[in-house]
Amino acid sequence: MIRLNDILDKVAAYNPAADLNAIRKAYVYTALAHKGQIRLSGEPYLIHPLEVANIVADLKMDVASIIAGLLHDTLEDTLTSAEELSARFGEEVTNLVDGLTKISKISFKTTEERQAENFRKMILAMVKDIRVLVIKLADRLHNMRTLEFQKPEKQKIIAQETMDIYAPLANRLGISWIKQELEDLSLRYLKPAIYADLEKRIAQKKEESQEYIGKVIKIIERNLHYHKIDGSVSGRLKHLYSIYQKMVQRNITFDQIYDILAFRIIVPSVKDCYAVLGMIHSLWVPVPGRFKDYIAIPKANMYQSLHTTVVGPDGEHIEFQVRTEEMHRIAELGIAAHWQYKEGFKLDEQERSQLEWLRQMLEWQGEANSAGEFMESVKIDLFSDSVYVFTPNGEVKELPKGSTPVDFAYSIHTNIGDHCAGAKVSGRMVPLRYQLKTGDVVEIITSSKQHPNKDWLNFIKTSKARTKIRQWVKKEEERRSIELGREFCEREFARHKLSFNKELKQGKLDEVARRFSLQTADALLAAIGRGKISARQVINRLYPELRQAAKQEKKSREGEKRRQRTPGEGITIKDIDDVMVRFAKCCNPLPGDPVIGFITRGRGVTIHRPDCKHVLKSDPERQIEVTWNLDRQVSHNIKIRVLCEDRKGILAEISAAISCEEANISSVRVSTNIDRNAVCFFTIGVTDLTQLRRVINSVERIKGVIEVQRLH
């Protein structure tokens, strides 16, 4: 069990000028505040704040952070007030404890929403003071270490939240040892059987590897001495979760993992790092594609090191990390290694830029429409591997792996993203869906005529681009719906010899809107454009006396339509009359097929099959219920594909079979594939699905016909 003196000794070792009496005072206060409280383990509650403060001390944080670690639960779990805390320990400590309390108090209905809102609050706290997050990570780490005392279902919830939120955040802040321990502990409760098996195998492997690790260390030390390089060497087995990840990603067993051993060499200077790398490659053969230079291009969390994997003694694959002492300190402590609150220390501009992601995510979360959407954005930015690309001016941009020129454009400026018409990568034109690679030089071509495209959402990766495109698409669809609603109204009002613009100017449409529980006339027009309300309903509300006349007119018009039906008709639209109807060529619906209508701008209603890819991607609010009107049979052009043997006379037989079913052949295209079979494309006119099925059955009965398909 940790004691106060252990913490004081640690703090005094790295900060001799620290006010240890202030820490003692906080310890006494938290002991009294939590007196009588017991943890699920049966231990006094005081052990938890002591352990949290100890972890904060391990990170070599300032005195205020140590005190906040001791007091972090006092506002939430005791009768202590913020005013009392401020009077005793000052505003700085109180703000840290208050930030931690806000994170812990939030409760929501769904797991996703709770995590998303927690994360929003966490970001707000971090922007004010990033120490809040460091202490929160220490708090979560000790809770994970004692998770065994929770109920199994609670264990899984907490472990999943840790894996989703806290481990990636520890990684983002560069605190590698906390990240690794959180991942291992989460795996223990999320995959207990796998964890137990891996733990057993690694313990066995550790015993077997001790002699081998010693052997490699001796070889390296001997060569360091020969090359007159000061350096320390250590070897270890990789941590559990990283091994599990390799097994899942490569779909292999534990016994098939060859690079389970990792060695670290710490040297005085950057020059020595590259000298040691050359030395390692002269001793053993490097594995192609396994070298990474994080010194030249550091990770976003400030991590720097050289990584290489070689085929070492006895054919074993072993990984080396080569770094300086300062790089090692940053790799272990991350942002805490550069702590700006240490006496006399301030972050420089480069280090401040490393934390720009915090401010960016704060901006994006304010623009997200829902907790789920924000969580999607956050997960993309936290979990994706990065690519590093250059602007034409040589500025490096970090983007998630799989990012496209559109993502790059939005990372420069929203206006550039909105008007991105094309891109050049390293001097050559590329498609906008091209996936950028590290080292690419990207130049964006803009056009005032170009606007965001809904299809971009299918391939972009960054949350900023996704948020901005969704905003634009939503506004554009609203504008189009209003225009379409206006068009429907103007046509319907004119048909009744009424003035739509007059009613609009006099504000009568605002009154009608409120009767439909809408706020404005524009909202009413948008609803009409999306097919939720019909223009006829608006007229009926404005002129109730016209309802009866309208009913009589409708009956008369329907009778006339039955007598004179145009070839483009054959569809009844619910609640809407006298609207232009056309059949979509992308899916070619036939009478007998299930159908749905889609309201288009200026072209009436287009009829699709519900499984058409364009319908699946379209705005559901612009879809409208339609049915077939089969009073009169109308010919529809349909394409069929016939795969058959390439023999003389078979095309004539197929044509005859189609004609026998009274279907008209409009065009034929024939080609031969690599299997020496003929592929025939027919465009035929049929009246409904039943006739088409008869045609297909007749063709299938011909000797030599392999397959007949209807093409959508």
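As the structure is a prediction and not an experimental result, all values here were calculated from the model.

This part covers helix H24 (residues 535–542). With 6 of 8 residues buried, H24 is to be regarded as a mostly interior element. When H24 is considered as a whole, its buried residues turn out to be Ala535, Arg536, Val538, Ile539, Asn540 and Leu542.

With that out of the way, let us pick up a nonpolar patch on the surface. On the surface, a cluster of nonpolar side chains totalling about 220 Å² of accessible area is made up of Leu651, Val668 and Val670. Within the secondary structure layout, Leu651 lies in helix H27 (residues 650–660).

With that out of the way, let us pick up the sheet that holds strand S16 (residues 623–624). What the 4 strands build is an open sheet, ordered S13-S15-S14-S16; its pairing is mixed. The sheet is open, and its two edges are formed by strand S13 (581–583) and S16, each paired on a single side. Judged from the 2 bridges that link them, strand S14 (residues 596–599) and S16 form a sheet pairing that is antiparallel. Following the sheet pairing, Phe598 is matched in S16 by Gln623.

This paragraph deals with the packing of helix H11 (residues 192–226) against helix H12 (residues 240–250). H12 packs onto H11 with a crossing angle of 110° between their chain directions and a minimal axis gap of 11 Å. Comparing the axis directions of H11 and H12 gives the class roughly perpendicular. Along its contact with H11, which presents Ile194, Tyr195, Leu198, Glu199 and Ile202, the element H12 presents Leu240, Ile243, Tyr244 and Met247. Split by residue class, the contact of H11 with H12 holds 8 nonpolar, no polar and 1 charged.

Time to look at the side chain of Thr80. Here Thr80 shows up in the loop between helix H5 (74–77) and helix H6 (82–105). Note on Thr80: relative accessible area 9%, which makes it buried. Reaching out from Thr80, the side chain makes a polar contact with the side chain of Tyr29 at a distance of 3.3 Å. Polar side-chain contacts of Thr80 include one of 3.0 Å to the side chain of Thr78. Once residues lying within four places of it in the same chain are set aside, the contact partners of Thr80 are Tyr29, Ala33, Thr74, Leu75 and Leu85.

Bringing helix H22 (residues 508–515) into the picture now. Turning to H22, its buried residues are Leu509, Val512 and Ala513. End-on, the buried residues of H22 take up no more than an arc of 105°, which puts them together on one face. With respect to the buried face of H22, the exposed residues turned more than 90 degrees away are Arg514 and Arg515. Summarising the contacts, the buried residues of H22 are in contact with helix H21 (500–505), helix H23 (521–529) and H24. Count one or two residues on from H22 and you reach Ser517, which has phi positive near 65°.

Per-chain confidence: the protein averages 83 in pLDDT, with 85% of residues scoring 70 or above. Long-range and interchain partners of residues 106–110, a stretch whose pLDDT sits below 50, account for 6 contacts in this model, where long-range means more than four residues apart. In the predicted structure, residues 340–346 sits below a pLDDT of 50 and forms 17 contacts with residues beyond four places in sequence or in another chain.

If you walk across this open sheet you meet the 3 strands as S10-S9-S11, and the pairing is antiparallel. The open sheet terminates on both sides in strands that have one partner only, identified here as strand S10 (428–430) and strand S11 (442–446). Along the sheet, successive strands turn relative to each other by an average axial angle of 35°, direction set aside. Note that strand S9 (residues 420–425) and S11 share 5 bridges and pair antiparallel. Considered in S11, the bridge of Gly422 is made with Ile445. On top of the sheet, helix H18 (residues 405–412) reaches S9, S10 and S11; it is set at about 80° to S11, its chief contact.

With that out of the way, let us pick up the environment of Val387. The topology assignment puts Val387 in strand S7 (residues 386–390). Distance from Val387 to Lys401, taken between C-alpha atoms, is 5.4 Å for residues 14 residues apart in sequence.

With that settled, consider the nonpolar core. Judged by nonpolar contacts, the single largest core of 102 residues is most densely connected at Ile220, Ile280 and Phe320. At 10 residues, the largest contribution of residues to this core is made by H11. Sequence-distant contacts of Phe320, that is, excluding residues within four places in its chain, are made with Val216, Ile220, Phe263, Ile265, Ile280, Trp284, Leu306, His307, Thr308 and Val310. Counting 33 residues, the second largest nonpolar core, distinct from the first, contains Ile482, Leu509, Leu524 and Ile528.

Attention now goes to the packing of helix H10 (residues 176–190) against H12. Any two packed helices are characterised by the angle at which their axes cross and by the distance between the axes. Running from amino to carboxyl end, H10 crosses H12 at an angle of 65°, the nearest separation of the two axes being 7 Å. Regarding the angle of H10 to H12, the classification is roughly perpendicular. Contacts from Glu183, Asp184 and Leu187 in H10 reach Leu240, Tyr241 and Tyr244 in H12. Class assignment of the residues belonging to the contact of H10 with H12 gives a composition of 4 nonpolar, no polar and 2 charged.

Analysis parameters
- Along each chain, numbering runs from 1 in the same order as the chain's sequence is written.
- Reporting in this predicted model follows two pLDDT cut-offs: at least 70 for local features of residues, and 80 or more for side-chain atom pairs to be given and counted; totals over whole chains, interfaces and linings ignore these cut-offs and use all residues.
- Values shown for side chains rest on all heavy atoms present in the structure; no hydrogens or waters enter the calculation.
- Throughout, exposure labels follow a simple rule: accessible area from a 1.4 Å probe, protein chains only, divided by the maximum for the residue type, with under 20% read as buried, over 50% as exposed, and the rest as partly exposed.
- The secondary structure listing takes helices from DSSP runs of H or I that are at least 4 residues long and strands from runs of E that are at least 2 residues long, numbered from the N terminus.
- Think of a patch as exposed residues, more than 30% relative accessible area, with no salt bridge, where like charges cluster within 9 Å and nonpolar side chains (Val, Leu, Ile, Met, Phe, Trp, Tyr) cluster within 5 Å.
- Every accessible area reported is derived by Shrake-Rupley at a probe size of 1.4 Å, with residue values counting cover from the shown protein chains alone.
- Think of a salt bridge as a Lys or Arg side-chain nitrogen and an Asp or Glu carboxyl oxygen that are within 4 Å of each other.
- At least two DSSP bridges between two strands are required for those strands to pair.
- Think of each axis as a best-fit line through the C-alpha atoms, taken over the contacting stretch in the case of a helix, with angles from 0 to 180 degrees between the N-to-C directions.
- For classification purposes, an angle smaller than 35 degrees is called roughly parallel, one larger than 145 roughly antiparallel, one from 65 to 115 roughly perpendicular, and anything else oblique.
- For this analysis, residues touch if any pair of their heavy atoms sits within 4.5 Å.
- Each residue gets one of three labels, nonpolar for Ala, Val, Leu, Ile, Met, Phe, Trp, Tyr, Cys and Pro, charged for Asp, Glu, Lys and Arg, and polar for the others, Gly among them.
- A 3.5 Å cut-off defines polar contacts: any pair of N or O atoms within that distance qualifies, except that in protein one atom must be a possible hydrogen donor and the other a possible acceptor, and neighbouring residues in sequence count only when both atoms are side-chain atoms.
- Here, the arc refers to the directions that run from the helix axis to the C-beta atoms.
- As a per-residue measure, pLDDT tells how confident the predictor is, with possible values from 0 to 100.
- The term nonpolar core refers to a set of buried residues drawn from Ala, Val, Leu, Ile, Met, Phe, Trp, Tyr and Cys, joined through side-chain atoms within 4.5 Å.

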